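# Residue-level structural notes
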Amino acid sequence: MIVLFNCTCAVPTTMDSFHPVPVKVNPDLQKERDAALFNPVELTYLKDGGKDKTERRRRCELLAINDPDLQHKDISFMARNERYSNAVRKAVIIARKIKEHRLTNMEEKQLYISAATQYDTYGFGLHYGMFLPALSAQCDEEQRNYWLPLAENLKILGTYAQTELGHGTFIRGLETTAIYDPKTEEFVLHTPTLSALKWWPGNMGKTATHAVVLAQLYTNGKSYGLHPFIVQLRSLENHQPLPGITLGDIGPKLGFHSFDNGFLGFDHVRIPRRNMLMKYSQVSPDGFYIKPIHAKLTYSTMVEARVTLVSDIAYSLSQAVTIAVRYSAVRRQTEQIKGVKEPQILDYRTQQLKLFPYLAAAYAFTFTSFVITGRYIEVQNEMNDGNMESLSELHALSAGLKAFTSYVGNEGIEVCRLSCGGHGYSQASGFPELYTLTAPISTFEGENTVMLLQTARYLMKCATTAKRGLELPRFVLYLSQRQKGQCPARNESDLLDHGLLSDAFEHRARRLVIEAAQKMQSNIGKGNPQHVAWNNCHMYLLKAASAHCHFYVVQTFVKYINDTEMSDAVRDILTSLCQFYALHGIWQNAGDFLQDGYMNGNQLDMVQSLVGKLLDKIRINAVALVDAFDFRDEILCSKLGKYDGNVYEAMYEWAKNSPLNKTEVHDSYNKYLRPLMQSSKAKL
Ligand SMILES: CC/C=C\C/C=C\C/C=C\C/C=C/C(=O)SCCNC(=O)CCNC(=O)[C@H](O)C(C)(C)COP(=O)(O)OP(=O)(O)OC[C@H]1O[C@@H](n2cnc3c(N)ncnc32)[C@H](O)[C@@H]1OP(=O)(O)O
Ligand SMILES: Cc1cc2nc3c(=O)[nH]c(=O)nc-3n(C[C@H](O)[C@H](O)[C@H](O)COP(=O)(O)OP(=O)(O)OC[C@H]3O[C@@H](n4cnc5c(N)ncnc54)[C@H](O)[C@@H]3O)c2cc1C
């Protein structure tokens, strides 16, 4: 059902609308909503997985938003100490309320937490995001029974301590040691050098009482590589660091101001043998080591986190385009015809070219996140049955997609900010927090270049497997198929065909993967050792991995539209969005499609012309497309992206709250300005 508004006094005529009834909607925004060719609520239901799920999400969000205990002044006006304290206060309230509201389902808990934290970090982010998942994945039965209830009931608060001052990417090189002492049946944890200090773990600086610590295991004088240990860091009585443990906050960062990322050092700290997490590998009381069924099972917490991050990026990018598109509909700039109202900036082609690729990407990544989450669950189930066959595939897929989507997401958020001109730079826009919260996703859980190289490593193996005529997993099956010659498009209408567009990305990915494999072979053929050849081929490998991920996203978008039931109106707009995503991708990477003659100049001209034409189709639906993300103002936290479009009123009200406006004359006047201006030297 369409939500109809009266132009000046907006009254929703159905209960489908999630937004409180605004007194007055900005007429430009209203005009956009009235002109849309589909019902955004329908798309909201689709994105959420059904009307029931949308309603459940809205209920969870409202529980948090309407709770007086969770209200506070805007975090933009808080100093770091206050922000940290506020985040902890809220985390504690959230934990209590989750129980009170009986939110037992994981999805509901997450929805509630995300609405309650708004655009700040969650004070127990690492506890829930990595500590609990690490315990769940790495504890054996007995350990689970002991540790999980403590962690789930917040009797202990945890973090995930892997990265060190000198080592982040190359985790085989971590220096923290865990040496087994069979005499006392204990491990001795030690930080042998400054570079071995654990550095970065979130919530470790001031909050956590425990950590899953990744350390090099030694037993019977032999090294067995990285293993997880649960270690108590602080007293459960008075929160003081335990003997032998040095802890602290690493200081202010680009963002994450409410987060206490920390450092940690061990001075021969003893922990019981059973504090090694023993689901996959064990050390017996006499020091005998039993190895895991797959060497990389210790890394599984990171795989799970990377999968989650694809959804997080889709969510953040959706927020950014919501702010920028709504603002672009209400902002008017530069008179075109004397005496005629300045146009909405959304009418400028350049503005559309800035925003619509990211609007399309936000949808593409949302659908991609559904598929990768589904695949993660499947593989997890297989692994629980002892079948580790698909772990490498999942690692390659999650590492690549985390990198590909976060590159685009970070870039998109910045472009959206720029598209809002000066106001985009104000904290009132929401962009500074959104950007700085999302920016480190390119770095944490595996630095993006490194992650794409991991995907490339897998693809190189697959290229060899394909060459030998052996079977490949489904998502790389295309590597064993022959190239299809030239792009068959003869006219613009051919180029709108989803199958043809998907084929073009498939062709590009296969060519670049095969090319990278050939470059590797020829480098090795010239007598270079593997690692030198690898380094020499980085530029080909990175391009191959990125093209593979790009193809995966295009293919997923196409498949989603083909396989999902939806109204004709929604199908029509998603089809245009998908065409635009693919065609814009071809246009932006034209060289790749021209390089081997797959496309010709004439076809590229048509691609460019279609990109221009599709702008119009998206333009008319742009506001409805962002409305369909269904972000309440309280969650978007942006004065530019408000649902009612009353931007200037909101900005003025917000600015009045700036702490500098508390007094008419600031202290510094009496301290500095007055003496300067009233001194004899300052006289003109
Ligand atoms: C999401 C959090 C939620 C909420 C919290 C809220 C806010 C908090 C914000 C941030 C939290 C951030 C946390 C962190 O950042 S934790 C630290 C993350 N650190 C990393 O991700 C380190 C990245 N480095 C690595 O993963 C590895 O060192 C790397 C893969 C780069 C290399 O490993 P290694 O040297 O051991 O491997 P290779 O020799 O290159 O390859 C050997 C072999 O292993 C395969 N492999 C590698 N990784 C995996 C894996 N995870 N699973 C399966 N297989 C893996 C690799 O492909 C090779 O296979 P083969 O080619 O067959 O030999
Ligand atoms: C906000 C934030 C929160 C974090 N939270 C946690 C946490 O809770 N727990 C935790 O353990 N860690 C955490 N980290 C640490 C994070 O996981 C690491 O910073 C990340 O894995 C990158 O490692 P690095 O810093 O060593 O980067 P580096 O590896 O030093 O990267 C620097 C440069 O070197 C390049 N490079 C490195 N290796 C290669 C290679 N093999 N080939 C080509 N190029 C290469 C990279 O591409 C990059 O350009 C956090 C970091 C941040 C920023």
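Residues numbered from 1 in each chain as written. Chains lettered and ligands numbered in written order. Predicted model: local features only at pLDDT ≥ 70, side-chain atom pairs only at ≥ 80, totals over all residues. Heavy atoms only, no water.

What follows covers the packing of helix α8 (residues 300–330) against helix α11 (residues 431–438). Two elements in contact, α8 and α11, have axes whose closest approach is 11 Å; the angle formed by their N-to-C orientations is 160 degrees. Considering the angle they form, α8 stands roughly antiparallel to α11. Between α8 and α11 lies a crossing of left-handed hand. Together, Ile 313, Ser 316, Gln 319, Ala 320, Ile 323 and Ala 324 of α8 and Phe 431, Leu 434 and Thr 438 of α11 make up the contact between the two elements. Class assignment for the residues of the contact of α8 with α11 results in six nonpolar, three polar and no charged. (Axes fitted to C-alpha atoms, helices over the stretch in contact; angles between N-to-C directions. Helix = DSSP H or I, 4+ residues; strand = E, 2+ residues; numbered from the N terminus. Parallel < 35°, antiparallel > 145°, perpendicular 65-115°, else oblique. Left-handed = near helix turned anticlockwise from the far one by under 90°. Contact = heavy atoms within 4.5 Å. Nonpolar A, V, L, I, M, F, W, Y, C, P; charged D, E, K, R; others polar.)

Strand order across the open sheet formed by three strands is β4-β8-β7, with antiparallel pairing between neighbours. Edge positions in the sheet fall to β4 (198–199) and β7 (245–249), since each of these pairs with one other strand and no more. Summarising the sheet, β4 and strand β8 (residues 262–266) pair through two bridges and their orientation is antiparallel. Its bridge partner being in β8, Trp 199 is matched across the sheet by Phe 263. (Pairing = 2+ DSSP bridges.)

The next subject is the pattern of salt bridges. All told, the structure shown has 43 salt bridges when counted by the stated rule. Linking Arg 417 and Glu 414 is a salt bridge whose minimum nitrogen-to-oxygen distance equals 2.8 Å. Residue Arg 417 and its partner Glu 414 are located together in helix α10 (residues 391–419), separated by three residues, close to a single helical turn. Classification of Glu 414 by relative accessible area gives partly exposed; the value is 25%. (Salt bridge = Lys/Arg side-chain N within 4 Å of Asp/Glu carboxyl O. Buried < 20%, exposed > 50% of the residue type's maximum accessible area, 1.4 Å probe, protein only.)

For the coordinates displayed, the defined rule picks out 24 aromatic pairs. With 4.1 Å between their ring centres and 25 degrees between their planes, Tyr 224 and Tyr 289 make a pair best called stacked. Of this pair, Tyr 224 sits in strand β6 (residues 222–232) while Tyr 289 sits in strand β11 (residues 289–290), and the two are 65 residues apart along the sequence. The exposure class of Tyr 289 is buried, given its relative accessible area of 13%. Relative to Phe 475, the ring of Tyr 458 lies with its centre 5.9 Å away and its plane at 25 degrees, an arrangement referred to as stacked. (Phe/Tyr/Trp six-rings, centres within 6.5 Å; stacked < 30°, edge-to-face > 60°.)

The next subject is the site of ligand 2. Every one of the 20 residues lining ligand 2 counts as a neighbour, but Tyr 160, Thr 163, Gly 168, Thr 169 and Glu 447 are closest to it. Thr 163 has a polar side-chain atom sitting 2.7 Å from a nitrogen atom of ligand 2. A total of 960 Å² of accessible area belongs to ligand 2 in isolation, and the protein chains cover 65% of it. For the shell around ligand 2, the element with the highest residue contribution is helix α12 (residues 448–467), accounting for three residues. A class-by-class count of the residues in the shell around ligand 2 yields eight nonpolar, 10 polar and two charged. (Near = heavy atom within 4 Å. Polar contact = N/O pair within 3.5 Å; in protein donor to acceptor, adjacent residues only side chain to side chain. Areas by Shrake-Rupley, 256 points an atom, 1.4 Å probe, with all protein chains shown as cover.)

Our focus in this paragraph is helix α6 (residues 125–138). Across its 14 residues, α6 extends 19 Å between first and last C-alpha, which sits within 8% of the 20 Å expected from 1.5 Å per residue. Most of α6 is tucked away: 11 of the 14 residues are buried. Within α6 the residues assigned to the buried category are Gly 125, Leu 126, His 127, Met 130, Phe 131, Leu 132, Pro 133, Ala 134, Leu 135, Ala 137 and Gln 138. Tucked inside the fold, the buried residues of α6 contact α7 (141–152), β1 (158–161), β5 (210–219), β6 and α8. (Expected span 1.5 Å × (residues − 1).)

This part covers the state of the cysteines. Across all of its chains, the model carries zero disulfides by this definition. Cys 462 supplies the cysteine sulfur nearest to Cys 549, a cysteine that is in no disulfide, at a spacing of 13 Å. A relative accessible area of 2% places Cys 549 in the buried class. (Disulfide = S-S within 2.5 Å.)

Taken together, 30 residues are adjacent to ligand 1, and Thr 169, Lys 296, Tyr 299, Arg 457 and Lys 461 come closest. Here Tyr 299 contributes a side-chain N or O atom positioned 2.7 Å from an oxygen atom of ligand 1. Between ligand 1 and the protein, one listed contact pairs an oxygen atom with a side-chain N or O atom of Gln 454 at 3.1 Å. Taking 1300 Å² as the accessible area of ligand 1 by itself, protein coverage stands at 83%. Of all elements in the fold, only α6, α8, α10 and α12 reach the threshold of two or more residues within the shell around ligand 1. When residues of the shell around ligand 1 are assigned to their parent elements, the largest contribution, five residues, is made by α8. Looking at side-chain class alone, the shell around ligand 1 contains 15 nonpolar, nine polar and six charged residues. Three or more residues apiece are contributed to the shell around ligand 1 by two domains, here domain 2 (132–292) and domain 3 (301–470 + 497–625). (Domains from an automatic or database assignment.)

Quick look at the confidence of the model for the chain now. Predicted confidence across the chain gives a mean pLDDT of 95, with 96% of residues reaching 70 or more. Across residues 1–15, confidence stays below pLDDT 50; counting only partners more than four residues off in sequence or on other chains, it has 36 contacts. (pLDDT = per-residue confidence, 0-100.)

Nonpolar side chains collect at one region of the surface, where Tyr 672, Leu 673, Leu 676 and Met 677 lie side by side and expose about 440 Å² of accessible area between them. Considering the arrangement of structural elements, one finds Tyr 672 in helix α22 (residues 667–678). (Patch = residues over 30% accessible without salt bridge, like charges linked within 9 Å, V, L, I, M, F, W, Y side chains within 5 Å.)

The next point concerns the pairing of strand β2 (residues 177–181). Burial analysis of β2 places four of its five residues in the buried class, the great majority of the element. Pairing geometry for β2 and strand β3 (residues 186–190), over five bridges, is antiparallel. Following the sheet pairing, Tyr 180 is matched in β3 by Phe 187. Connecting the antiparallel pair β2 and β3 is a turn made up of four residues, with Glu 185 showing a positive phi of about 55 degrees. Across three bridges, the pairing between β2 and β5 is parallel. Its bridge partner being in β5, Ala 178 is matched across the sheet by Leu 217.

Turning to the side chain of Asn 261, a few remarks are in order. Checked against the element boundaries, Asn 261 lands in the loop between β7 and β8. Only 2.6 Å separates the side chain of Asn 261 from the backbone oxygen of Trp 200, close enough to count as a polar contact. Sequence-distant contacts of Asn 261, that is, excluding residues within four places in its chain, are made with Trp 200, Pro 201, Gly 202, Asn 203, Gly 205, Gly 248, Asp 249, Ile 250 and Lys 253.

We note that the domain assignment places domain 1 (28–123), domain 2 (132–292) and domain 3 (301–470 + 497–625) within the chain. On a C-alpha basis, the centroid separation for the pair domain 2 and domain 3 is 36 Å. At the junction of the two partners, domain 2 supplies 12 residues and domain 3 supplies 11 residues. Across the domain 2/domain 3 interface, buried area totals approximately 930 Å², and carbon plus sulfur atoms make up 67% of it. Along the contact surface separating domain 2 from domain 3 lie zero salt bridges. There are zero residue pairs in polar contact (both at pLDDT 80 or more) connecting domain 2 and domain 3. The greatest single-element share of the side of domain 2 that touches domain 3, amounting to three residues, is contributed by α6. For the side of domain 2 that touches domain 3, a count of residues per class yields six nonpolar, five polar and one charged. (Buried area = accessible area lost by both parts, 1.4 Å probe.)

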